[in-house]
Amino acid sequence: MTSRALPSVLVVDDEAGILETLRILLRNEGFAVRTALGGTAGLAALDEALPDIVLSDIRMPTISGIEILAAVKERDPGLPVVLMTAQASMQSAIQAVNEGAFYYIQKPFRNDELVAILRRAAETRQLKVENVVLRQELQRRDRATVQRPVGGSRAWQKVLEVVETVAPTDSTVLITGESGTGKEVIARWLHDLSPRAGNQFMSINCGALPESLLESELFGHVKGAFTGAVKDKTGLFAAASKGSFFLDEIGETTPATQVKLLRVLQQREIIPVGGTEAQPIDVRLIAATNRDLDDEIKRGSFRGDLYYRLNVIAIHLPPLRDRRDDIPLLAERFLTRLAETRCLEKRLAPTALEALQGYDWPGNVRELENAIERAVIMADGDTIEPGALPERVVQRRAEPLVAERTFTNPTLDAVERAYILWVLQGEGGNKTRAASTLGIDASTLYHKLARYGVEA
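Keep in mind that this is a model prediction, so the values were computed, not measured.

A. Inspection of the pairing of strand β4 (residues 81-85) at higher detail. Of all the 5 residues making up β4, 5 are buried; the element is thus mostly covered by neighbouring parts of the structure. Sheet topology note: the strand β3 (residues 53-57)/β4 ladder contains 4 bridges and is parallel. Of the residues in β4, the one forming a bridge with D57 is M84.

Below you can see the structure in the form of structure tokens.
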């Protein structure tokens, strides 16, 4: 309904005389009127086109007015329904209101009383429609002002083009790339550009929690499901309803958790831990991993059927060493952010910027961000000289890290293990700082060290 159009009313009654009387009355009062003789015809009329208001008798053979009300609410919860009956009772009135009726009127009624009710219903409908339009316009403007993730290189622009193409859909997205390349940044931007932007964006690091706790966080649990479950808990899938849910490091999940995630993708429903009843969900799923899931499938540590469900839209993020032109842009963004949040306004000396661009950044964008923050704190004066940068950035390496190792044709696990040990050594064995440099949680670092058989 628009402000220029006549409010449309569908009148449903099993008496032809009443229908004709109401048709003439309401048309003379400025309504566009359709009539349906009986509840069955009323349902058919709803299927043809939804009106702005439904006026229905309650007591009709076969299909009652309460059933008409339920059918309307199923199609459009905001559409006002006015019910009328010649045999009013407190019980029927209460039922009508509880079922969501806009108003309940008893026959015989005064014409002016009915017209006043329908006009209020039309105004209510108009306001709801205008609110929806306004909300959509605000969301459109918000999306238009969302700042694109920083980067001008061709490799990064290709990533952004894919995101802009798939954002309006509900397709599941799998983001791959090395640690620290910005997978959560891309996931959030995907959400911000989507029709779900006005709802929740929830995220969880699957590698940071043990299996039992992870499943409770994902699916929720019922009271008594396990020791300490003193009350029901809503899981993140349910909390993200009508929004987006980002599963980071999904390659770290156990086979048991993978089975449950597969059910979510296939059935679009969850079963809380300890529960028996499935709960439908409406959420867009975005997953990410720094692992090669094809290799994980061959090794038997990741389910192929889950992978194919996740890999509807694949987005691979290039490492920072393959987009060196973006380093000055990223560094400037981090400097601006530090100036705004910590009032530390500093700039990079040309020699410092040259050192940044000459380094391979195995920790990618997260490592660059940490290096900039450290340099801002360590630099004397307003200019960041090379001496304020981490030593590993300033000392250019003649060979890449992998070439220094004794193994040949290394696996991804071997490369990751070597890199983690190198960062740990560079941080003097401090695991908190090493985790920050790597761009992962400390708990994830401990998990990886245990997996690679590295003593704490």
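Picking up after the structure, the text goes on.
B. Spotlight on the nonpolar core. Core analysis: the largest hydrophobic core is formed by 39 residues, its most contacted members being L356, W361, L368, I372 and I384. Counting residues in hydrophobic clusters, the runner-up holds 27 residues, among them F219, L247, L262 and F302.

C. Seen up close, helix α7 (residues 183-192). Residues of α7 that are buried: K183, I186, A187, W189, L190 and H191. The elements touched by buried residues of α7 are α6 (154-166), β6 (173-176), β7 (201-205), β10 (244-248) and β13 (284-289).

D. Main features of the sheet that holds strand β14 (residues 313-316). One open sheet accounts for 5 strands, arranged β7-β10-β13-β6-β14; its pairing is parallel. Each of the sheet's edge strands pairs with one partner strand only, and the pair in question is β7 and β14. For this sheet, the mean angle separating the axes of adjacent strands, direction not counted, is 20°. Two elements, β6 and β13, share 4 bridges in a ladder whose sense is parallel. When the sheet's bridge partners are listed, L174 is paired in β13 with A287.

E. Structural context of unusual backbone geometry. Look at the link from K107 to P108: it is a cis peptide, with omega at -10°. Positive phi is not limited to glycine here, since R268 has a value of about 55°. Since its relative accessible area comes to 30%, R268 is described here as partly exposed. With phi around 50°, W361 is a residue other than glycine that occupies positive phi space.

F. Seen up close, the confidence of the model for the protein chain. Taken residue by residue, the protein chain gives an average pLDDT of 86. The fraction at 70 or more is 90%. The low-confidence segment residues 397-407 (pLDDT under 50) makes 12 contacts with residues lying over four places distant or belonging to another chain.

G. Focus on the sheet that holds strand β2 (residues 32-37). Here 5 strands make up an open sheet; going across it, the order is β2-β1-β3-β4-β5 and the pairing parallel. Two strands close off the open sheet at either side, each with one partner strand: β2 and β5 (103-106). Averaged over neighbouring strand pairs, the angle between their axes works out to 20° when direction is ignored. Examined bridge by bridge, β4 and β5 share 4 bridges and lie parallel to one another. Within β5, the position partnered with M84 by the bridge is I105.

H. Quick peek at the side chain of E252. Following the sequence through the fold, E252 ends up in the loop between β10 and α10 (255-267). For E252, a relative accessible area of 13% gives the class buried. Here the side chain of E252 touches R291 through a polar contact of 3.2 Å, side chain to side chain. At 3.2 Å, the side chain of E252 and the side chain of K448 are in polar contact. Not counting residues within four places of it along the chain, the set of residues in contact with E252 comprises C206, G207, R291, H447 and K448.

The rules behind each value
- Along every chain, residues carry numbers that run from 1 in the direction the sequence is written.
- Reporting in this predicted model follows two pLDDT cut-offs: at least 70 for local features of residues, and 80 or more for side-chain atom pairs to be given and counted; totals over whole chains, interfaces and linings ignore these cut-offs and use all residues.
- Calculated side-chain values reflect all of the structure's heavy atoms, with hydrogen atoms and water omitted.
- Buried means the residue's accessible area, taken with a 1.4 Å probe over protein chains only, is under 20% of the maximum for its type, while exposed means over 50%, and partly exposed covers the values in between.
- Secondary structure elements are taken from DSSP: a helix is a run of H or I of four residues or more, a strand is a run of E of two residues or more, and numbering for both begins at the N terminus.
- Only strands that DSSP links by at least two bridges are regarded as paired with each other.
- Nonpolar core, defined: a set of buried Ala, Val, Leu, Ile, Met, Phe, Trp, Tyr and Cys residues in which side-chain atoms within 4.5 Å join the residues together.
- Should any heavy atoms of two residues lie within 4.5 Å, those residues are considered in contact.
- Comment: axis = line fitted to C-alpha atoms, over the contacting stretch for helices; angle = value between 0 and 180 degrees taken between N-to-C directions.
- Residue-level confidence of the predictor, termed pLDDT, takes values from 0 up to 100.
- For this analysis, a polar contact is any N or O atom pair within 3.5 Å, provided that within protein one partner can donate a hydrogen and the other can accept it, and provided that sequence-adjacent residues contribute only side-chain to side-chain pairs.

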